[in-house]
Amino acid sequence: MRIQISSGQGPAECELAAELFYRQLQKEIGDIRMVQCVRGSKAKGFSSVIFETEEDMSSLEGSILWVCKSPYRPKHKRKNWYIDVSILENMPKLTQELKLRFETFRSGGKGGQNVNKVETGVRVIHIPTGISVVSTEARSQHMNKKLAVNRLCDILAERNMESGRKEKELAWLEHNRLERGNPVRIYEGGNFVRRDR
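Read on for a plain summary of the structure. (Residues numbered from 1 in each chain as written. Predicted model: local features only at pLDDT ≥ 70, side-chain atom pairs only at ≥ 80, totals over all residues. Heavy atoms only, no water.)

**As for the sheet that holds strand β1 (residues 2-6)**
Line of reasoning, step 1. A sheet is described by the order of its strands in space; here seven strands give the open sequence β2-β3-β1-β5-β4-β9-β10, paired in mixed fashion. With partners counted over all chains shown, the strands left at the sheet margins are β2 (32-39) and β10 (193-195), one partner each. Each neighbouring strand pair of the sheet contributes to a mean axis angle of 25°, computed without reference to strand direction.
Line of reasoning, step 2. Where helix α1 (residues 12-29) meets the sheet, it contacts β1, β2, β3 (46-53), β4 (62-67), β5 (80-88) and β9 (185-188), and its direction lies at approximately 20° from that of β3. (Pairing = 2+ DSSP bridges. Helix = DSSP H or I, 4+ residues; strand = E, 2+ residues; numbered from the N terminus. Axes fitted to C-alpha atoms, helices over the stretch in contact; angles between N-to-C directions. Contact = heavy atoms within 4.5 Å.)

What follows is the structure in structure tokens.
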């Protein structure tokens, strides 16, 4: 499961709350792996942090409230700071594991004496995805095999990059979705102590 904690467009206090909540989850769950983070405007705090865990965290999706006087602006009247917890959809990654099937066939065109006599054309099929690539331009089966595998690797890399871009777009949309009010959890004070509802 991939989760994002975000301060939204909130001030430095919300960024601090995002980091404190992440540290709290590390204590509660233990088995969480940070995927990426965007540091906040102050030395402490996250504008956004994305992590992965095997635990079911769906009950935490929504807003988290931290009730505390501002540690940065002592005379500030506001003491309710909100952050957002979102479960991100995992975009499928195309496996780079090359489970391939090769097919050979007779190819026309260049090839000298081998034209239409020897199977020099090669089709390579990536079994997990069904993506196939053909190469017929070289005179030998060995060279066509190399060319086809290289093209297939390029296609798989491009599709993985596209998947990564979509993942980042979804994370950015979630980052800006913070709703204030109706929190799923409330924490209080500088020690970030959880309050029972």
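**What about the packing of aromatic side chains?**
Line of reasoning, step 1. Evaluated as defined, the whole model comprises five aromatic pairs.
Line of reasoning, step 2. Ring centres of Tyr22 and Phe46 lie 5.9 Å apart, and the angle between their planes is 85°; on these two criteria the pair is classed as edge-to-face. A residue pair is termed long-range when its members are at least 10 positions apart, and Tyr22 in helix α1 and Phe46 in strand β3 qualify at 24 residues.
Line of reasoning, step 3. A residue is classified by how much of its surface remains accessible, and Phe46, at 1% relative accessible area, is buried.
Line of reasoning, step 4. Cluster of aromatic residues (ring-pair linked, three or more members): Phe21, Trp66, Tyr187 and Phe192.
Line of reasoning, step 5. Across the ring face of Tyr72, the terminal group of Lys42 is positioned such that the distance to the ring centre comes to 5.2 Å. (Phe/Tyr/Trp six-rings, centres within 6.5 Å; stacked < 30°, edge-to-face > 60°. Buried < 20%, exposed > 50% of the residue type's maximum accessible area, 1.4 Å probe, protein only. Lys NZ or Arg CZ within 6 Å of the ring centre and 35° of its normal.)

**So, the pattern of salt bridges**
Line of reasoning, step 1. Scanning the model with the defined rule gives 11 salt bridges in all.
Line of reasoning, step 2. Note that Glu13 and Arg73 form a salt bridge whose closest N and O atoms lie 2.9 Å from each other. Residue Glu13 is located in helix α1, and its partner Arg73 is located in the loop between β4 and β5; the two are separated by 60 residues in the primary sequence.
Line of reasoning, step 3. Using a relative accessible area of 1% as the deciding quantity, one classes Glu13 as buried.
Line of reasoning, step 4. Of the charged contacts in the structure, one is a salt bridge between Arg185 and Glu28, with a shortest N-O distance of 3.0 Å. With a gap of 157 residues between them, Arg185 in strand β9 and Glu28 in helix α1 connect regions that are remote in the sequence. (Salt bridge = Lys/Arg side-chain N within 4 Å of Asp/Glu carboxyl O.)

In short, shape yes, function no, at least from these values alone.
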